[in-house]
Amino acid sequence: MAMTVSDFLVDRLYEWGVRRIYGYPGDGINGVFGALNRSNEKIKFIQARHEEMAAFMAAAHAKFTGELGVCISTSGPGASHLLTGLYDARMDHMPVLAIAGQQARTALGGHYQQELDLVSMFKDVAGAFVQQASAPAQVRHLIDRAVRTAIGERRVTALILPNDLQEMEYTPPPNKHGTVHSGIGFKQPKVIPYDEDLRQAATVLNAGKKVAILVGAGALQATDEVIAVAEKLGAGVAKALLGKAVLPDDLPWVTGSIGLLGTEASYNLMAECDTLLMIGSGFPYSEFMPPEGKARGVQIDIQPDMLSLRYPMEVNLSGDSAETLRALLPMLQEKTDRTWRSTVEEWRADSDKTLEKRALVSAKPINPQRVAYELSPRLPERAIITSDSGSCANWYARDVKIRRGMMCSLSGGLASMGAAVPYAIAAKFCHPDRPVIALVGDGAMQMNNMAELITVAKYWRQWGNGKWICAVFNNEDLNQVTWEQRVMAGDPKFEASQNIPNVPYHRFAESIGLKGIYVDREENVAAAWQEALSSDLPVLIEFKTDPDVPPLPPHIKLEQAKKYASTLLHGDPNERGIIKETAKQVLSAVLPGHRKDKE
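Every value quoted in this text rests on a predicted model; they were computed, and no experiment measured them.

This part is about the environment of Lys42. Residue position: Lys42 is located in the loop between α2 (30-38) and β2 (44-47). Lys42 gets classed as partly exposed once you look at its relative accessible area, which sits at 31%. In this structure the C-alpha to C-alpha distance between Lys42 and Val10, which are 32 residues apart in sequence, comes to 8.4 Å. Discounting residues that sit within four places of it in the chain, Lys42 has contacts with Asp11, Tyr14 and Arg19. Side chain to side chain, Lys42 and Asp11 meet in a polar contact 3.0 Å long.

Here it is as structure tokens:
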């Protein structure tokens with residue numbers, strides 16, 4: 001049997017190192033699925049419940065392996081469904097290739113069924129490289145360029161294959177004018193700034209007396225280097241959400257997350273520093289940076305377009321984080337005065353006490369912060385944690401403490417709902433020996449994550465162990481947006497938009513062969529986590545949480561307080577519960593020993 005274009009595609013992707021593709025079938029991509037079937041699982045196909053989830057899985061694959069993530073869909077609606085997951089990859093700078101089917105070439109332009117202008121549709125999300133194949137001899141260089149561009153530029157690329165082309169016999173490009181003869185292979189270059197620029201950066205950092213460091217996802221492979229630089233400079237380090245796993249939280253000068261989801265220690269670190277070193281982070285909220293002009297700045301990023309974007313930096317270093325820090329370290333002077341470091345450590349200790357007190361405040365039925373607080377010390381070694389967007393991300397950001405060797409992530413730049421479960425599924429495929437925990441709000445579960453539990457039920461026996469947990473925060477409320485309405489807009493809760501149905505998520509899990517656990521008493525939270533972590537069967541653990549517990553930012557501005565008061569004056573439907581729970585949270589931060597037994 002002659003090799004088809006689809007057979008060649010599978011073989012070529014295999015040569016590029018692709019071993020797994022996430023997606024959903026359809027007649028527009030049947031040729032490629034036939035080739036995958038004929039290849040005897042040379043490349044493993046993972047069937048998601050929805051193409052959006054497949055794209056999230058491809059993004060997570062890239063995040064948790066450093067490899068190219070690949071997703072596949074049919075034409076028309078299958079291709080359009082990929083977009084949200086692809087935008088997640090694009091905004092977090094992940095290398096992902098999307099392969100989409102298309103209607104037959106002879107039908108294009110004829111308003112044919114499921115005919116969309118896919119090149120135009122993908123042009124924004126996959127603008128680095130998107131092409132539609134028109135001849136067999138063209139396919140080789142389209143694959144090679146799509147893959148090389150994705151991994152070389154850490155971008156999303158897209159390859160569109162008309163369904164009639166997929167079944168045609170593959171022919172290599174002839175040796176004549178007008179043809180392209182490409183090859184495989186790419187090695188990441190060593191990218192470091194010139195010595196002159198490094199010395200300029202060292203001059204700024206050496207002059208600083210109160211150095212703050214902010215790390216993001218670009219520093220995930222530079223843990224040892226960040227620690228060495230921070231120790232030499234006597235600096236405190238805050239972590240953007242995508243950089244949560246850069247440093248272990250048992251280091252006393254690591255202040256935790258920054259921003260609305262951050263800690264008071266991180267807020268103080270940025271407010272009081274005189275020098276800022278930003279490493280591999282695109283943290284977007286300038287109001288949580290030092291006031292402009294108060295601190296001198298140095299930034300390291302592999303992508304030049306991210307430099308001096310969030311804060312006007314004095315020195316901009318384009319380079320790999322680990323390589324650049326290693327080159328910079330010998331130029332830095334050891335700071336002997338550790339007053340600043342001691343202050344940072346005091347802030348961190350105070351933040352930990354505040355978070356603990358807030359987590360242990362009683363709520364009805366369960367304080368959601370306690371769910372994350374009780375999980376943290378019980379996390380197994382080398383665990384992988386994913387979080388959804390929404391109020392659960394607050395507790396993930398502040399209360400889950402990361403140890404060395406763990407991995408974690410969420411939808412960062414896009415902050416999309418619905419990413420936690422597909423992220424956790426991809427994480428388990430990539431690292432089947434590791435325990436994986438997803439933290440998810442009930443809104444995201446109802447939106448699209450319940451269906452992906454079926455994917456877990458379909459595949460978990462292939463993982464080798466069933467250490468996979470989905471924790472659902474069930475508060476019958478789209479809670480993050482509810483609080484944004486109150487605090488940012490000064491509006492009362494809009495019940496028509498915010499209330500969502502109560503669903504027995506644990507029973508749904510049981511109905512498809514997974515283990516379900518239901519928790520509605522705070523004294524049972526720790527034991528429930530222990531039971532879930534001990535299970536050899538994938539678990540959905542449902543916590544019935546209180547929607548009135550406020551996800552308080554580390555520093556509440558007067559404007560927010562005024563809008564918050566305005567909400568109550570306008571008659572929020574949960575007014576009594578909000579006042580009570582907010583008072584308890586605030587009191588827990590200022591009254592020593594404030595516990596539920598002292599209320």
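On we go.
What follows covers the pattern of salt bridges. Scanning the entire structure with this criterion turns up 28 salt bridges. Across the pair Glu231 and Arg341 runs a salt bridge, and its minimum N-O distance is 3.2 Å. Within this pair, whereas Glu231 is found in helix α10 (residues 223-233), its partner Arg341 is found in helix α13 (residues 339-359), the two being separated by 110 residues in sequence. The exposure class assigned to Arg341 is buried, which follows from its relative accessible area of 6%. Salt bridges sharing partners connect three or more residues here, namely Lys190, Glu225, Glu323 and Arg326.

Here Ser362 lies in the loop between α13 and α14 (368-375). Expressed as a C-alpha distance, the spacing of Ser362 and Glu523, which sit 161 residues apart in the sequence, is 9.9 Å. Within the structure, the side chain of Ser362 is placed 3.2 Å from the side chain of Glu522, a separation counted as a polar contact.

This next bit is on α2. Those residues of α2 that sit buried are Gly31, Val32, Phe33, Ala35 and Leu36. Of the surrounding elements, those touching the buried residues of α2 are α1 (5-15), β1 (20-23), β2, β3 (69-73), β6 (156-162) and α8 (163-166). Looking one or two places after α2, you find Asn40, whose phi comes out positive at around 55 degrees.

To continue, consider the environment of Trp253. Along the chain, Trp253 turns up in the loop between β8 (236-239) and β9 (254-257). For the pair Trp253 and Asp548, spaced 295 residues apart in sequence, the C-alpha to C-alpha distance is 32 Å. Look past the residues within four positions of Trp253 in its chain and what remains in contact with it is Ile227, Ala230, Glu231, Ala235, Gly236, Val237, Leu247, Arg341, Val344 and Glu345.

With that settled, the discussion passes to empty space enclosed by the protein. Enumeration according to the criterion identifies one cavity of 30 Å³ or more in this entry. Taken as a whole, the largest cavity spans an internal volume of roughly 100 Å³. Taken together, 16 residues make up the lining of the largest cavity; nearest its centre are Asp249, Thr255, Gly256, Arg398 and Lys401. Secondary structure elements with two or more residues in the lining of the largest cavity: β9, α13 and α15 (391-399). Grouping the amino acids of the lining of the largest cavity by side-chain chemistry returns four nonpolar, five polar and seven charged.

A few words now on the UniProt feature "domain: Thiamine pyrophosphate enzyme central" (unreviewed entry) in the chain. When the UniProt feature table is mapped onto this chain numbering, "domain: Thiamine pyrophosphate enzyme central" (unreviewed entry) sits at residues 198-328. For residues 198-328, helix accounts for 29% and strand for 21%, while the C-alpha atoms at its two ends are 6 Å apart.

On to the state of the cysteines, then. With the rule as written, the count across this model stands at zero disulfides. Left unpaired, Cys408 is separated from the closest cysteine sulfur, that of Cys392, by 13 Å. Cys470 forms no disulfide, and the closest cysteine sulfur to it belongs to Cys392, at a distance of 9.8 Å. Taking relative accessible area as the criterion, Cys470 reaches 0% and is therefore assigned buried.

Let us now look at the nonpolar core. In this structure, Tyr22, Leu86, Phe122, Met445, Trp468 and Cys470 are the most contacted members of the largest nonpolar core, which totals 62 residues. Ranked by residues supplied to this core, first place goes to helix α3 (residues 51-65) with ten residues. Apart from the residues lying within four places of it in its own chain, the contact partners of Leu86 are Ala55, Cys71, Val96, Ala98, Phe122, Val125 and Val156. With 52 residues, the next largest nonpolar core counts Val204, Val246, Ala322 and Trp340 among its residues.

Here the focus is the sheet that holds strand β14 (residues 407-410). Ordered in space as β14-β13-β15-β16-β18-β17, the six strands form an open sheet in which the pairing is parallel. Edge positions in the open sheet fall to β14 and β17 (515-519), since each of these has one partner strand only. This sheet shows a mean twist of 15 degrees between the axes of neighbouring strands, independent of strand direction. Bridging between strand β13 (residues 384-387) and strand β15 (residues 436-441) involves four bridges; their strand directions are parallel. From the neighbouring strand, Thr386 faces β15, where its bridge partner is Ala438.

Attention now moves to the pairing of strand β10 (residues 275-279). The element β10 is extensively covered by neighbouring structure, given that five of its five residues are classed as buried. Alignment of β10 against strand β11 (residues 296-301), held across five bridges, turns out to be parallel. Each bridged residue has a counterpart across the sheet, and for Met278 the counterpart in β11 is Gln299.

As a further point, take the sheet that holds strand β7 (residues 211-215). Spatial strand order, β9-β8-β7-β10-β11-β12: six strands in an open sheet with parallel pairing. Edge strands, defined here as strands with exactly one partner in the open sheet, are β9 and β12 (315-318). Neighbour-to-neighbour, the strand axes of this sheet turn through a mean angle of 15 degrees, independent of strand direction. Examined bridge by bridge, β8 and β9 share three bridges and lie parallel to one another.

Let's shift gears to the packing of aromatic side chains. Summed over the entire model, instances satisfying the criterion amount to nine aromatic pairs. Considering the side-chain rings of Phe56 and Tyr423, the 6.4 Å spacing of their centres and the 70 degrees angle between planes classify their relative orientation as edge-to-face. You can see Phe56 sitting in helix α3 and its partner Tyr423 sitting in helix α16 (residues 420-430), a full 367 residues away along the chain. One exposure class covers both Phe56 and Tyr423, and it is buried. Members of the aromatic cluster, each reached through a chain of ring pairs, are Phe429, Tyr459 and Trp463. In this structure, Lys42 is placed above the aromatic ring of Tyr14, and the distance from its NZ or CZ to the ring centre is 5.2 Å. Positioned above the aromatic ring of Tyr459 is the side chain of Lys458, whose terminal nitrogen or guanidinium carbon lies 5.3 Å from the ring centre.

Rules behind the numbers
Residues numbered from 1 in each chain as written. Predicted model: local features only at pLDDT ≥ 70, side-chain atom pairs only at ≥ 80, totals over all residues. Heavy atoms only, no water. Helix = DSSP H or I, 4+ residues; strand = E, 2+ residues; numbered from the N terminus. Buried < 20%, exposed > 50% of the residue type's maximum accessible area, 1.4 Å probe, protein only. Contact = heavy atoms within 4.5 Å. Polar contact = N/O pair within 3.5 Å; in protein donor to acceptor, adjacent residues only side chain to side chain. Salt bridge = Lys/Arg side-chain N within 4 Å of Asp/Glu carboxyl O. 1 Å grid on protein atoms, 1.4 Å probe; cavity = no way out; pocket = protein on both sides within 12 Å on 5 of 7 lines; lining within 4 Å. Points joined across faces, edges and corners; volume = space filled by probe spheres on them. Nonpolar A, V, L, I, M, F, W, Y, C, P; charged D, E, K, R; others polar. UniProt positions renumbered as here; feature names shortened; annotations may be inferred. Disulfide = S-S within 2.5 Å. Core = buried A, V, L, I, M, F, W, Y, C linked by side-chain atoms within 4.5 Å. Pairing = 2+ DSSP bridges. Axes fitted to C-alpha atoms, helices over the stretch in contact; angles between N-to-C directions. Phe/Tyr/Trp six-rings, centres within 6.5 Å; stacked < 30°, edge-to-face > 60°. Lys NZ or Arg CZ within 6 Å of the ring centre and 35° of its normal.

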